[in-house]
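Observations on chain architecture
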Number of protein chains: 2
Amino acid sequence: MKIVLIIADGLGDRPSDSLGGLTPLQAAKKYNLNLLAGEGMVGLIDPIQPGIVPGSDTSHLNYLGYDPVKYYTGRGPFEAMGTGLQLKGGDVAFRANFATIDHDGVVVDRRAGRIRAGTSKLAKDLNMKIEDVEVLFKEGTEHRAALVLRGEGINTEVSDNDPHGENLRPKDIIATSEDGKKTARILNEFYKRSLQILKEHPLNRERRGQGLREANAILYRGGGMVPKLPDFNQRYSIKGGYVAAVALVAGICKLVGLKDFTPPGVTGSTDTDVNKKFQYAVNALKEVDFVLVNVKGTDIAGHDGNAKAKKEFIEKIDSAFESSFMKIKDEIVICFTGDHSTPVSVREHTSDPVPILLHYPGSRMDRIREFDEDSAKGGSLRLRGGDLMNVLLSSANLAEKYGA
Amino acid sequence: MKIVLIIADGLGDRPSDSLGGLTPLQAAKKYNLNLLAGEGMVGLIDPIQPGIVPGSDTSHLNYLGYDPVKYYTGRGPFEAMGTGLQLKGGDVAFRANFATIDHDGVVVDRRAGRIRAGTSKLAKDLNMKIEDVEVLFKEGTEHRAALVLRGEGINTEVSDNDPHGENLRPKDIIATSEDGKKTARILNEFYKRSLQILKEHPLNRERRGQGLREANAILYRGGGMVPKLPDFNQRYSIKGGYVAAVALVAGICKLVGLKDFTPPGVTGSTDTDVNKKFQYAVNALKEVDFVLVNVKGTDIAGHDGNAKAKKEFIEKIDSAFESSFMKIKDEIVICFTGDHSTPVSVREHTSDPVPILLHYPGSRMDRIREFDEDSAKGGSLRLRGGDLMNVLLSSANLAEKYGA
């Protein structure tokens with residue numbers, strides 16, 4: 001049997017005053033989700049474990065069966081994926097800032113006046129080859145960026161150059177072990193060349209003319225090696241795909257070997273075309289056995305503290321189920337959940353467990369006819385994120401017996 | 001946000017005939033606990049894991065985030081703490097007995113006629129210094145005592161002298177490895193000196209006169225090194241305190257670096273002044289971020305098989321909530337649970353999971369308006385002891401996100 005796992009990012013919530021004490025999921029009209037709940041099973045899932053506040057990266061890894069304790073190598077690689085850089089296992093990724101230094105090379109602004117416009121042009125010119133090493137550089141939000149080194153003998157055995165304060169010089173880039181010498185050499189050469197490139201860059205000339213702080217230096221920190229993740233398809237002996245517009249989630253899916261079925265033009269926001277995403281997922285199931293679909297609007301609305309927008313996005317999801325998964329609900333395994341809670345009252349991720357819905361032909365039935373945080377606690381399922389792939393494969397009759 | 005964790009020792013129970021088939025928690029009038037349950041979340045917690053019968057030591061360690069598999073070094077150190085000895089990481093502690101030997105040095109009674117009175121006088125005289133090693137000796141209940149060695153080069157690489165039977169000689173004290181030679185030498189010297197001290201002791205002369213068995217030898221066994229526990233305050237970046245009259249619990253709290261806020265005069269029994277304990281805990285929250293409060297009466301009543309006393313002690317707890325934690329319930333995280341179950345029908349600890357109640361501003365609501373073993377199973381929480389600190393920190397918005 002084929003499997004679709006639909007993850008509404010940041011789905012879980014808490015009671016909201018603006019919704020009369022209900023959660024967005026409780027307040028939303030959700031004919032299809034409730035129908036699936038009534039026919040199938042519901043419950044709560046702790047994406048990592050109780051009390052641990054998940055990131056979207058750690059929870060997606062865990063849901064796909066990659067224990068973050070083993071495979072999560074820090075924010076560097078995963079934030080780099082979040083910029084849209086396509087990374088490979090073994091790449092070394094750093095979090096980077098565009099910064100402003102003065103004539104003496106002293107940092108006067110670690111964030112280059114929180115520069116927004118034009119950083120993509122700067123970043124583009126910082127991609128280069130040094131010796132046999134590929135240097136990838138990609139802008140993120142505002143002054144943030146990702147610096148990635150790809151090549152033989154590259155590792156994280158180097159110091160950061162970010163002085164983590166102002167009126168300080170960037171720190172010397174030195175190897176912290178014998179093995180780090182090549183990486184330090186490449187980074188030193190990159191820093192030298194980047195100073196030259198940024199100084200002469202039209203965008204900085206323009207900013208100079210406007211009296212704005214130039215983005216004339218790169219500070220980096222928090223290097224991590226992109227983990228080499230065992231291939232999803234080999235691991236589970238099935239073919240997998242994904243539909244996800246958010247770069248971080250797409251990056252993880254790609255890294256484990258899921259095939260991209262994301263339609264053009266969709267976004268990771270509340271205004272995305274959920275219908276189109278779900279249609280592409282249904283089509284993908286003709287080719288592959290497993291599809292992960294991520295919709296991000298719930299998380300965005302949570303971070304914005306907008307209960308109404310979150311409720312409406314859930315209604316949009318429910319409505320998109322109608323002409324997609326509901327048509328094939330009696331032939332496949334459908335799992336709907338979130339990767340963590342982002343309560344509108346908190347505006348950040350929390351460790352609250354997330355409601356989960358599991359529907360497949362012939363399953364046990366909870367007969368709980370509402371799908372939300374409160375009713376889910378009375379259901380059959382009480383999972384931790386690391387259980388999810390096993391439960392899905394087992395529901396699809398794809399699990400092997402452990403023993404005789 | 002600040003956190004109070006109230007542990008009613010041995011809280012969990014089973015249906016009791018003398019309470020019409022209810023548990024003491026079900027039978028108790030508990031206005032405040034029910035109110036908190038209705039406003040917050042309830043559930044069940046396995047102090048260690050399902051089916052494991054917890055001690056108060058292993059469960060308190062686990063609740064505070066110290067995995068007993070890693071940190072529990074056996075009964076020796078923890079029983080020694082239970083006598084009230086203040087131990088330090090690295091001390092080596094043995095369980096000891098006052099025993100009776102005859103003129104030939106053969107053990108005729110391993111328990112010295114289950115001596116009760118006066119052992120504190122004997123124990124006091126057995127504190128001494130041998131070479132550079134401090135020998136601490138403290139009486140426990142009846143014939144039981146704790147023997148602790150504190151000093152450089154002391155370890156557990158020695159044999160026990162307890163023959164574990166009568167009409168046998170105490171076993172030779174020998175080092176079981178090269179490293180144990182110093183410890184064996186100290187213990188041999190202690191045994192020699194203790195024979196002399198006990199022989200001449202007024203209490204033994206008195207017992208001789210009364211035809212009672214003399215406590216004229218010390219048998220010891222089960223040596224363990226007091227674990228060096230990472231400091232609680234550093235580990236969680238908060239300041240912690242405790243209110244606990246029971247020596248074992250207080251010893252663990254002290255060992256992890258919690259500050260003592262226990263009021264003078266309170267006890268670890270059913271007649272303790274719960275009000276005073278809770279008032280001191282509320283005051284402690286002005287100074288620290290986290291307070292653990294242990295009340296022991298529930299466990300005592302459980303061991304006594306006294307359902308009525310257990311029910312009444314729970315009512316005493318509930319009533320003490322009124323003028324303490326209820327006054328600040330909307331400003332802090334309140335967690336109420338037990339460290340294990342001590343059902344009155346069993347009179348011993350059991351592995352039954354324990355009801356837990358969690359209340360903090362803005363939390364999800366279970367709307368379960370009774371707090372007991374039965375209603376708790378319908379709640380949101382299903383935890384293991386090792387999750388508890390994470391859940392508490394997360395509820396207080398003190399948890400860091402794991403990932404991005």
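Reading guide: rules and limits
Residues numbered from 1 in each chain as written. Chains lettered and ligands numbered in written order. Predicted model: local features only at pLDDT ≥ 70, side-chain atom pairs only at ≥ 80, totals over all residues. Helix = DSSP H or I, 4+ residues; strand = E, 2+ residues; numbered from the N terminus. Rg over C-alpha atoms; globule rule 2.2 N^0.38 Å. Contact = placed C-beta atoms within 7 Å. Least-squares fit on C-alpha atoms with pLDDT ≥ 70 in both. Nonpolar A, V, L, I, M, F, W, Y, C, P; charged D, E, K, R; others polar. Buried ≥ 20, exposed ≤ 12 C-beta atoms within 10 Å, placed from the backbone. Pairing = 2+ DSSP bridges. Domains from an automatic or database assignment. Axes fitted to C-alpha atoms, helices over the stretch in contact; angles between N-to-C directions. Left-handed = near helix turned anticlockwise from the far one by under 90°. pLDDT = per-residue confidence, 0-100. Parallel < 35°, antiparallel > 145°, perpendicular 65-115°, else oblique. Core = buried A, V, L, I, M, F, W, Y, C linked by C-beta atoms within 7 Å.

As for the overall build of chain A
From N to C terminus, chain A includes 15 helices and 15 strands. Whereas a compact globule of 404 residues would reach a radius of gyration of roughly 22 Å, chain A reaches 23 Å, a difference of no more than 12%. Reported as C-alpha extents along the three principal axes, the dimensions of chain A are approximately 70 × 55 × 35 Å. Pairs at least 24 apart in sequence give 69% of the contacts found in chain A among residues at least 6 apart.

Regarding the relation of the copies chain A and chain B
Note on the copies: chain A fits chain B at an RMSD of 0.3 Å, the axial shift is 0.1 Å, and the rotation between them is 126°. Each copy turns onto its partner about a three-fold axis. In terms of C-alpha distance to the rotation axis, chain A has Gly378 of chain A as its closest residue, with the C-alpha 3.4 Å off the axis. Mapped onto chain B, only 7% of the interface residues of chain A are again interface residues, and the two copies thus contact each other with different surfaces.

What about the interface of chain A and chain B?
Counting from both sides, the interface comprises 30 residues of chain A and, opposite them, 20 residues of chain B. For the side of chain A that touches chain B, the elements supplying multiple residues, two or more each, are strand 3 (53–54), helix 3 (56–63) and helix 5 (75–82) of chain A. In terms of residue class, the side of chain A that touches chain B is made up of eleven nonpolar, eleven polar and eight charged.

Observations regarding helix 5 (residues 75–82) of chain B
Residues and elements named next belong to chain B. With respect to burial, helix 5 is a largely interior element, seven of its eight residues being buried. Of the positions making up helix 5, those classed as buried are Gly76, Pro77, Phe78, Glu79, Ala80, Met81 and Gly82. Elements in contact with the buried residues of helix 5: helix 3 (56–63), strand 3 (92–101), strand 7 (144–150), strand 8 (217–225) and helix 10 (247–255). Once helix 5 ends, the next one or two residues include Gly84, with phi positive near 105°.

Digging into the pairing of strand 1 (residues 2–8) of chain B
Residues and elements named next belong to chain B. Here strand 1 lies mainly inside the structure; six of its seven residues are buried. Of the strand pairs in this sheet, strand 1 and strand 12 (residues 332–337) are connected by six bridges, and their pairing is parallel. Counterpart to Leu5 in the pairing with strand 12 is Cys335.

With respect to the domain arrangement of chain A
Interfaces are frequently sized by the accessible area removed from exposure as the parts join. By domain assignment, chain A separates into domain 1 (2–72 + 229–395) and domain 2 (86–225). On a C-alpha basis, the centroid separation for the pair domain 1 of chain A and domain 2 of chain A is 36 Å.

What about the packing of helix 3 of chain A against helix 10 (residues 247–255) of chain A?
All names here are of chain A. Following both chains from N to C, one finds helix 3 and helix 10 inclined at 30°, their axes separated by 10 Å at the closest point. Judged by the sense of rotation from one axis to the other, the crossing of helix 3 with helix 10 is right-handed. Along its contact with helix 3, which presents Ser56, Asp57, His60 and Leu61, the element helix 10 presents Leu248, Val249 and Ile252. Across the contact of helix 3 with helix 10, the residue classes tally to four nonpolar, two polar and one charged.

Let's talk about the confidence of the model for chain A
Chain-level pLDDT for chain A is 95 on average; 100% of the residues reach the 70-or-more range. Predicted complex metrics record ipTM = 0.87 and pTM = 0.90.

A closer look at the packing of helix 2 (residues 31–39) of chain B against helix 13 (residues 307–322) of chain B
All names here are of chain B. For the pair helix 2 and helix 13, interaxial distance at closest approach is 7 Å and the crossing angle is 70°. Considering the angle they form, helix 2 stands roughly perpendicular to helix 13. When helix 2 is examined against helix 13, the residues Tyr31, Asn32 and Leu33 are found in contact with a partner set consisting of Asp318, Phe321 and Glu322. Within the contact of helix 2 with helix 13, the residues separate by chemical class into three nonpolar, one polar and two charged.

Remarks on the nonpolar core
Core analysis: the largest hydrophobic core is formed by 122 residues, its most contacted members being Val4, Val148, Ala281, Val291, Val293, Ile356 and Leu357 of chain B. Of the residues forming this core, the biggest block, seven residues, is contributed by helix 10 of chain B. Contacts of Val293 of chain B, omitting those with residues within four sequence positions, involve Val4, Ile6, Ile7, Val243, Lys277, Phe278 and Ala281 of chain B. Residues Ala99, Ile101, Tyr242 and Phe313 of chain A belong to the second largest nonpolar core, which totals 116 residues.

Observations concerning the sheet that holds strand 9 (residues 240–244) of chain B
Residues and elements named next belong to chain B. Here eight strands make up an open sheet; going across it, the order is 10-9-11-1-12-13-2-14 and the pairing mixed. The outermost strands of the open sheet, each flanked by one partner alone, are strand 10 (259–260) and strand 14 (381–384). Bridge analysis of strand 9 against strand 11 (residues 290–295) gives five bridges, and the strand direction is parallel. Pairing of Tyr242 across the sheet is with Leu292, part of strand 11.

Points about the environment of Ala93 of chain B
All names here are of chain B. By the secondary structure assignment, Ala93 is in strand 3. With 30 C-beta atoms packed within 10 Å, Ala93 lands in the buried category. Expressed as a C-alpha distance, the spacing of Ala93 and Ala146, which sit 53 residues apart in the sequence, is 6.9 Å. Non-local contacts of Ala93, meaning those with residues more than four positions away in its chain, are made with Gly76, Pro77, Ala80, Leu87, Ala146, Val148, Gly223, Gly224 and Val226.

Looking at the environment of Asn155 of chain A
Residues and elements named next belong to chain A. Here Asn155 lies in the loop between strand 8 (144–150) and helix 7 (181–199). Spatially, the C-alpha atoms of Asn155 and Ser375 are 48 Å apart, while their sequence positions differ by 220 residues. Those residues within four positions of Asn155 in sequence are excluded, and the remaining contacts are Val92, Asp179, Gly180, Thr183 and Met225.

What about the sheet that holds strand 10 (residues 240–244) of chain A?
All names here are of chain A. The sheet built from eight strands is open, its strands ordered 11-10-12-1-13-14-2-15 with mixed pairing. Either end of the sheet is taken by a strand with one partner, and the two such strands are strand 11 (259–260) and strand 15 (381–384). Pairing of strand 1 (residues 2–8) with strand 12 (residues 290–295), which is carried by six bridges, proceeds in the parallel orientation. Opposite Ile6, over in strand 12, you have Val293 as the bridge partner. Here helix 11 (residues 274–287) sits on the sheet and contacts strand 1, strand 10, strand 12 and strand 13 (332–337); the angle it forms with strand 12, its principal contact strand, is near 170°. Across the sheet, helix 15 (residues 388–395) lies against strand 1, strand 2 (41–46), strand 13, strand 14 (354–359) and strand 15, angled at about 155° from strand 13, the strand it touches most.

Regarding unusual backbone geometry
Despite not being glycine, Asn397 of chain A shows a phi value in the positive range, around 60°. If you trace the backbone, Asn397 of chain A turns up in the segment after helix 15. A positive phi angle, near 60°, is found at Asn167 of chain B, a position not held by glycine. Position of Asn167 of chain B among the secondary structure elements: in the loop between strand 7 and helix 7 (181–199). With 9 C-beta atoms packed within 10 Å, Asn167 of chain B lands in the exposed category.

A short note on the environment of Asp330 of chain B
All names here are of chain B. Looking at the element boundaries, Asp330 is found in the loop between helix 13 and strand 12. On the neighbour-count criterion, Asp330 (12 C-beta atoms within 10 Å) is exposed. As a C-alpha pair, Asp330 and His359 span 29 residues in sequence and 8.5 Å in three-dimensional space.

Focus: the pairing of strand 7 of chain B
Working note: regular strand, side chains alternate between the two faces of the sheet. All names here are of chain B. In terms of burial, strand 7 is a largely internal element, five of the seven residues being buried. Relative to strand 7, strand 3 is paired through six bridges, and the arrangement is antiparallel. Bridge assignment links Ala93 to a residue of strand 7, and that residue is Val148. In terms of strand pairing, strand 6 (residues 133–139) meets strand 7 through six bridges, oriented antiparallel. In the sheet register, Val135 faces strand 7, and the bridge partner there is Leu149. Counted between consecutive antiparallel strands, the loop separating strand 6 from strand 7 contains four residues, among which Glu142 sits at a positive phi close to 50°.

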